[in-house]
Structures are given as structure tokens and as C-alpha cells.
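Okay, here's what each chain looks like letter by letter:
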Amino acid sequence: MLLYFLISCLSFFFLSKSLSLPPWASETKTLLSFHLSKNLLFTNTLHPTTKPDPPSPALDQMTILDLPDLALDRILHLLPPSGLSSMAMVCSSLRERCVSDHLWEKHLVNKWGKILGPAAHREWKRYLSSSSRHLDSSPRHQTGHHPLGFDTIISCLRSISSLLRDGDRQKKALPVDSTMSFYVSLETGRFWFPAQVYNRENGHVGFMLSCYDAELSYDTHTDTFQARYPPHGRRAVGVEKGVTWERLRAAPLEASPHHLHLSESLNELKPGDHIEIQWRRNKEFPYGWWYGIVGHLESCDGDLNHCHCHLSETVVLEFNQYTVGSRWRRTMINKRDHREEGNEEDGFYGGIRKLICKEEIAMWTRLWPSSNLE
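Residues numbered from 1 in each chain as written. Predicted model: local features only at pLDDT ≥ 70, side-chain atom pairs only at ≥ 80, totals over all residues. Heavy atoms only, no water.

Looking only at helices and strands, one finds twelve helices and eleven strands in the protein chain. Within the span of the protein chain, comprising 374 residues, buried residues form 45% of the whole. The long-range fraction of contacts in the protein chain, counting pairs at least 24 apart against all pairs at least 6 apart in sequence, stands at 62%. For the protein chain, the exposed area adds up to about 20500 Å²; of that, 55% sits on carbon and sulfur atoms. (Helix = DSSP H or I, 4+ residues; strand = E, 2+ residues; numbered from the N terminus. Buried < 20%, exposed > 50% of the residue type's maximum accessible area, 1.4 Å probe, protein only. Contact = heavy atoms within 4.5 Å. Areas by Shrake-Rupley, 256 points an atom, 1.4 Å probe, with all protein chains shown as cover.)

Moving on: unusual backbone geometry. Positive phi, normally seen in glycine, also occurs at Asn199, with a value near 45 degrees. With respect to the element layout, Asn199 can be found in the loop between strand 1 (193–198) and helix 11 (200–203). If you check the backbone angles, Leu209 has positive phi at about 60 degrees while not being a glycine. Looking at the secondary structure, you find Leu209 in the loop between helix 11 and strand 2 (210–219).

The geometry of an aromatic ring pair is captured by the separation of the ring centres together with the interplanar angle, meaning the angle of the planes. Evaluated as defined, the whole model comprises 21 aromatic pairs. Aromatic pair Tyr212 and Trp290: ring centres 6.3 Å apart, planes at 85 degrees, arrangement edge-to-face. Note that Tyr212 is positioned in strand 2 and Trp290 in strand 7 (residues 288–295), a separation of 78 residues in sequence. You'll find Tyr212 and Trp290 in the same group, each marked buried. Each ring, one from Trp279 and one from Trp328, has its centre 5.8 Å from the other, and the planes form 90 degrees; the classification is edge-to-face. Taken together, the positions of Trp279 in strand 6 (residues 274–280) and Trp328 in the loop between strand 8 (314–318) and strand 9 (330–334) put the pair 49 residues apart, joining distant regions of the chain. Against the face of Tyr229 rests Arg200, its NZ or CZ located 3.9 Å from the ring centre. (Phe/Tyr/Trp six-rings, centres within 6.5 Å; stacked < 30°, edge-to-face > 60°. Lys NZ or Arg CZ within 6 Å of the ring centre and 35° of its normal.)

A few words on helix 7 (residues 118–129). At 3.6 residues per turn, the α-helix brings residues three or four places apart onto the same side. Over its twelve residues, helix 7 extends 16 Å from the first C-alpha to the last, a length consistent with the 16 Å expected when each residue adds 1.5 Å. Among all positions of helix 7, only Ala120, Glu123, Trp124, Tyr127 and Leu128 are buried. The buried residues of helix 7 all sit within an arc of 140 degrees when viewed along its axis, so they share a single face. For helix 7, the exposed residues lying more than 90 degrees away from the buried face are Lys125 and Ser129. (Expected span 1.5 Å × (residues − 1). Arc of directions from axis to C-beta.)

Moving on, we come to the nonpolar core. Residues Trp112, Phe193, Leu216, Phe225 and Leu317 are the most contacted members of the largest nonpolar core, which totals 60 residues. Ranked by residues supplied to this core, first place goes to helix 10 (residues 179–187) with five residues. With residues near it in sequence (within four places) discarded, Leu216 still touches Phe191, Trp192, Phe193, Ala195, Val197, Phe225, Gln226, Ala227 and Leu248. In terms of nonpolar packing, the next biggest core, distinct from the first, is built from ten residues, Leu209, Tyr291, Trp364 and Leu367 among them. (Core = buried A, V, L, I, M, F, W, Y, C linked by side-chain atoms within 4.5 Å.)

Looking at the protein chain as a whole, its pLDDT mean stands at 78, while 71% of the residues score no less than 70. Within the model, pLDDT remains below 50 along residues 1–49, and this stretch shows 51 contacts once partners closer than five positions in the same chain are excluded. Predicted confidence is poor over residues 158–171, with pLDDT under 50, and the contacts of this stretch with residues over four places away or in other chains come to 29 contacts. (pLDDT = per-residue confidence, 0-100.)

The full count for this structure, using the stated rule, is 19 salt bridges. A salt bridge links Lys111 to Glu187; its shortest N-O distance comes to 2.9 Å. A residue pair is termed long-range when its members are at least 10 positions apart, and Lys111 in helix 6 (residues 101–112) and Glu187 in helix 10 qualify at 76 residues. In this structure Lys111 comes out as partly exposed when scored by relative accessible area, which is 28%. Residue Glu345 pairs with Arg327 through a salt bridge whose shortest N-O separation is 3.6 Å. Here the residue Glu345 occupies a position in the loop between strand 10 (341–343) and strand 11 (347–354), and Arg327 occupies one in the loop between strand 8 and strand 9, the gap between them amounting to 18 residues. A relative accessible area of 42% places Arg327 in the partly exposed class. Taken together, the salt bridges that share partners define one network made up of Arg249, Glu276, Arg353 and Glu360. (Salt bridge = Lys/Arg side-chain N within 4 Å of Asp/Glu carboxyl O.)

Given a relative accessible area of 7%, Asn199 falls into the buried group. Residues in contact with Asn199, not counting those within four places in the same chain, are Phe207, Met208, Leu209, Ser210, Arg247 and Leu367.

Here you go:
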């Protein structure tokens, strides 16, 4: 058994004699060497009289492709995206393995999973199904006329420092419908995807504790995003740069920002519950989601032992980020037939989401302004 382990590991080391591997390969060799020597030392300690078998001359001709499929797949599974891309450049056999969806799905979920919702995946499928197989050049998308080549993928995943270079793209082209292609298109900023941004426009005072729909493009140089917001009334498309990861989320509901969300939990609301409510400045604007808390009726003294506010048809919503007396501090809605309520002066309140997830509530708490708003 020990000999089999030795042969499996050494075959990876001998690959470097016949192939030029990327920088991470030497680190992998060092790590494997350490574990191998540690294993051999432990074995010799337990069996001091056992002599290791002499190495077989056949080892000199072994490569990483001689490893059992399970061992090779395990090695590839442990590689980072840049490592997989580099291994794919070695030969056609490794290329076929390294572009496998099951290897890239983990990287896609780990890095992008929290901000890629169903809408982003649908947008990707629309791109794939387009007859031209490229993102159109309208303001909604960036242009991308060619499939990514592996030479570009390596540079993109390491530094994303250059665009596609001329070369034999057809020979080295990445399958456009692969998970790896999806990952690289996100990483390079070629693919704009829908998500939501907290405190839009760099935390503009008028948007504190709100979350708005936007289209995002990643910038690997700064590890931030560029956001394009839908136009507000006659205003042009809003653009914000430098949006950080912690200000992003996938849309929690499958709803257009221009459509009213039909609330399903109004009868469950009681004082102290955390909520998000749709709000827009006027009928031409899209909705954003605003954070608030269910409050007590004026007739209630706030004593939970005697509170019957949850039995009333009226729900009080409090937005405590605003100062006491502000017209934005409180509003009331009717449980029984709640639709959009409001006016051109105070804006229009739409559907309500009751927040149950502690992570969602904690996110709003982290974004709380340092001082109350007027």
C-alpha cells in the first residue's frame, strides 16, 4: 500500500521533467513532498526493520496522467482557478479535465454564489442562446465578440491585466456554455449581471438603508464593481464605481423593480418585527427596498404584556434612521387590502417583506448611519 502511495505521488513530481509547469506547481510539489516524507518517517518509526522497496526504473517515464483517475481528479479539485487554467494549457487530455463543470461549480459558488440570483443565471442563458453568441453593444451590455482563449484565461484569473490577445483562438477556445466560461466572463467584467446594491450612489444621504436593483460588472484590479441603475424618471442611467462586495446581494424576490410585490405575511406582523418595504419617489421611478421595524399604535403603551397591536388591521412602520418628527419616520398601512399607498409629496409605499433571516437583519444593522437623518 505504501509503495502504491509512493508511486502515485512521485508520478506528479516527475511530470516537471517533461513539461513546463506554472509557478504554483513547485508549491504543490513542495507540499506533497512534505506530506510524503512525513508519512514515510511515521511508517519507519512504527516498523524500523522494514526496508522500503527500491524505486522502479519505470518511474522515470511516468507523468501526472498515469495517476489513477480518482487521485488526479482530487489534485485538480484542490487547485485554484488560476491553477486549473494553467493545467489546461499543458495538453489536450488535461484541458478536457480542467474545463469540467464539476471542478468550476465550486469556484463559482464560493466566490459569486451570494450575489448571483436566478435573474443572473437567466441573463447568462439569454446570452448563450443569442444567435450571435456575444453580448450586444447597447448600453445594457459590454461587447465580447470572441470566446475566451486559455492564454487570456490565465492572465485574467491572475491579474486580468489585458484583453483578449490575437492568436489561435479556435484551437484553444473555451466552450462558451461551460461553467468555466461563466466564471471567467464574470471575473473579466465582460458579463453584466443583475443584482441589488445597498446604500446606492456611494451612500448618498437620500438612499441610506435602502437597496436598489442594478446591473454589475466586476473590476478585478480594485476587487470592486461598477453599478448601473435604472433611470429615475427623466434622469439618465445612474452609474456608480467602486461598489464593494459587502454592499451587494442577489435579489431576494423574483420581481421587477417596477412591479408591486404582493405581500403574503401582513397578518403575521407584530411590533418589533424587521421588515423591508418597497418605496419609490413617484410613479415613474422603480421601487427600492427600505429597511424598517413594525411599531406600536399610538393607543398602545408599548407594554408587550398588554399589547394588542397585532390584532389591529393597521400596521405601524417605523424608520428609526430618521429623526423624531421627520415625515419619513413613520407610516401606516392597512393589512386587509394593502396596495401601493402614498402621494407625490411623500412617495409611494409598496409591498412588504418580513425579515426572518438573521444575516439579512445583521446586514442592515451594519449599514446603520452614524447619525440620524433629517
